[in-house]
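Take a look at the letters that make up each chain.
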Amino acid sequence: MADGDNVSTFSADGGQDTVGLPRIVMVTEGDDNSASSPSSTSSSEDNWADLIKSTEIPPEYWHIQKLVKYMKAGNQTATMVALSCLKDHDLTVEVNQRAIQEIGGLELLVNLLETRDLCCIVGGLAVLRDITPNMEIRKKVTDLGAIPLLVGLLSDPARDVQILAAETIANLGKIRKSRKFCRKFGGLPKLIDLLDIKDKYLVTPREELNQDELQFLDIARAGAKALWSMSSSQRNREAMRKYGMIPLIARMLKTIHLDVAVPAVGLLQMCANETSFQLAIQTEKMVKDLIKHLANDDKDLKTYCSLAIFKCANDPITRDMIREAGALEYLVEAAQDSTNRANKPLLAAVTGALWKCANSDASVRKLDNLGAVPILVRLLDDENDGVLTNVAGALAECAKYPPNRDKIRSSGGIPMLIHHLNNTYKPLLENVPLVLMECAKEQNCMSEIDELDGVRLVWSLLKNDSKKVQTNAALALSPCVQNAADSGEMVRSFVGALELTVDLLDSDDHNVLSAVCAAIATIAKDNENLAVISDHGVVGKLSKLVSTTDDHLRANLGVAIAYCCDWAQNRQEFGKRGAITPLVNYMTSRDPNVHRSTALALYHLSFYSVNCVTMHAAGVVQFLLETIGSKDPILQEASAGCLCNIRKLALATEKVKLKQ
């Protein structure tokens, strides 16, 4: 068959087929090392059994089985006729797919791929493409060795064959084994080659293209679709990069054809999990094309564009490019559109993109101008946990800008946020405390949080088994305790809260320890609460942590030690437990926050004379003489105070010696 000829009965019909688009996943994608997707085989068998019990098997079932028998027993002509008749049936219906499978039709269809007759190959591929969306059939066809045969057909000169082979691979690629086989048998470079078409075909309307040019466009579409399925594997994504897919996918993004843009952007957003692809999106100037497609009314395309932005916007340069290209306007518009509320994948992708884009002052100001905060607050009543997580994350970023805290309160956001503290979805519980942490810095918001018992609910999250939830809950406690009216009494009213907080100092996670130290520093400012946590052994637990080399932990640990000194014999106890010398060594850090907190701790410890002797012996004076000239007033004052106490002790000792 000449290149470009068509077999009308088995035409690839690549124009509008969108069957088998990969499922949207916000957090992780499958890999060859991970378990494959849960099989629907058992449920399919149950459905089949129910069908047999409840109704008679339709006549199409027996008709299809007859056709498969003709294909088995007949010659080439009979096979061709049977395939033509088979295509007249709706092969997307499970009963018809079962009919082919149960009489051994799958083996026959796979065998047809090895024949030299082009019409038989195209006919077999057309049937396989239609029935492989079925999970059970996918597995069976893969086990029958279809992948190596399909990979071989990608090099066939007949374009119909290339299109159908790629579309069948796209269906089979939903299972791990097929993805692995495709990589193993050299399918990835062949699929990437299919993307290499002229720019003219991508930007010219279909009605202006001739038949050959349309086929080239469909080949690229089918190739992108197959690579999209294959990209669920991290190894495949890395192989695609090595085989040079990035420039080709950058070119495909310029297309005006929706059916080409959807798999191209879908493939890109899957690959955007990899740092190398995130950098490529920036360097290959793909952002503008992504934003152009984001403006499209097609929901799927908008979803995949939003997912790509969600995955790339962590990089500050890419984030700025996204904002400058006008993405925030389209994202806010999509979040505000009530018709999108039922489309949870789209809503989750859009709110996720807004969350990541909001991680810069310029973006937050832009979102303010667009009125994003009230729109996001209205989405807090959504029932989807993924959407809620992203909305809370976006609000946490926006609330870092003080005027937005009151906007959250006036829009009715505080009660909904506190309600979500009762949720069990951990990613949501990670983000909600961060919003409340920022809101608690504003007095009116803090009053409402207190009235709604929000502080108790945040405190209860310290019992959660997720380290990230514990960390963020502890971080939220500091401003809540600091800004609450009569905070000392409020904290004591929570039964077991102080003991729970002190017990978390036994955690093996540095982020948890740092956040808890910050909370303890705030709690210890109330003398009665300091007495309670002292009874729970806070001094001993803090003393065990002084050997840490983590500057983030050191910064908060120093402040916690400083404020825990002001009760009974605590400062003496710190000295006896050997906390002084390691603290002096903190002054060698390059982090100014560590210097400030350490100087504060040393100042409070220096009111006990033995501690002053230990500090002096450890060489603290040299460090304090440097930090006393700091522009940081807290560091300057603490350094001066500590030196003053050491000097007073030295003078007192000198006087005693003179008297003697």
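Residues numbered from 1 in each chain as written. Predicted model: local features only at pLDDT ≥ 70, side-chain atom pairs only at ≥ 80, totals over all residues. Heavy atoms only, no water.

1. Concerning the packing of aromatic side chains
Now for step 1: Summed over the entire model, instances satisfying the criterion amount to six aromatic pairs.
Now for step 2: Considering the side-chain rings of Tyr 201 and Phe 216, the 5.9 Å spacing of their centres and the 10° angle between planes classify their relative orientation as stacked. Taken together, the positions of Tyr 201 in helix H12 (residues 199-203) and Phe 216 in helix H13 (residues 211-230) put the pair 15 residues apart, joining distant regions of the chain.
Now for step 3: On the accessibility criterion, Phe 216 (28% relative accessible area) is partly exposed.
Now for step 4: For the ring pair Trp 459 and Phe 494, a centre distance of 5.8 Å and an interplane angle of 65° mean the geometry is edge-to-face. Placement of the pair is Trp 459 in helix H30 (residues 454-460) and Phe 494 in the loop between helix H32 (487-492) and helix H33 (497-503), with a sequence separation of 35 residues.
Now for step 5: A residue is classified by how much of its surface remains accessible, and Phe 494, at 13% relative accessible area, is buried.
Now for step 6: Taking the ring centre of Trp 355 as reference, the NZ or CZ of Lys 356 above it sits at 4.1 Å.
Now for step 7: Between Lys 525 and the ring centre of Tyr 563, over which it is positioned, the NZ or CZ distance is 5.2 Å. (Phe/Tyr/Trp six-rings, centres within 6.5 Å; stacked < 30°, edge-to-face > 60°. Helix = DSSP H or I, 4+ residues; strand = E, 2+ residues; numbered from the N terminus. Buried < 20%, exposed > 50% of the residue type's maximum accessible area, 1.4 Å probe, protein only. Lys NZ or Arg CZ within 6 Å of the ring centre and 35° of its normal.)

2. Focus on the UniProt feature "repeat: ARM" (unreviewed entry) in the protein
Now for step 1: Mapped onto the present numbering, the UniProt feature "repeat: ARM" (unreviewed entry) falls at residues 145-172, 371-413 and 496-538.
Now for step 2: What you have in residues 371-413 is 70% helix and 0% strand, and the ends, taken at the C-alpha atoms, are 15 Å apart. (UniProt positions renumbered as here; feature names shortened; annotations may be inferred.)

3. Observations regarding the nonpolar core
Now for step 1: Within the largest apolar cluster, 222 residues are counted, with the highest numbers of intra-cluster contacts made by Leu 191, Ile 408, Trp 459, Leu 542 and Ile 561.
Now for step 2: With 10 residues, H13 is the single largest residue contributor to this core.
Now for step 3: Setting aside its immediate chain neighbours within four residues, Ile 408 contacts Val 373, Val 377, Leu 395, Ala 399, Gly 413, Ile 414, Leu 417, Val 435 and Cys 439. (Core = buried A, V, L, I, M, F, W, Y, C linked by side-chain atoms within 4.5 Å. Contact = heavy atoms within 4.5 Å.)

4. A short note on helix H37 (residues 551-564)
Think of an α-helix as 3.6 residues a turn; residues three or four steps apart then line up on the same face.
Now for step 1: Over its 14 residues, H37 extends 20 Å from the first C-alpha to the last, a length consistent with the 20 Å expected when each residue adds 1.5 Å.
Now for step 2: Among the 14 residues that make up H37, 10 are buried, leaving the element largely enclosed by the rest of the structure.
Now for step 3: Elements in contact with the buried residues of H37: helix H34 (510-523), helix H35 (527-535), helix H36 (538-544), helix H38 (570-576), helix H39 (580-585) and helix H40 (592-605).
Now for step 4: Structurally, the start of H37 carries an N-cap: the backbone nitrogen of His 552 is 2.8 Å from a side-chain oxygen of Asp 550. (Expected span 1.5 Å × (residues − 1). Polar contact = N/O pair within 3.5 Å; in protein donor to acceptor, adjacent residues only side chain to side chain.)

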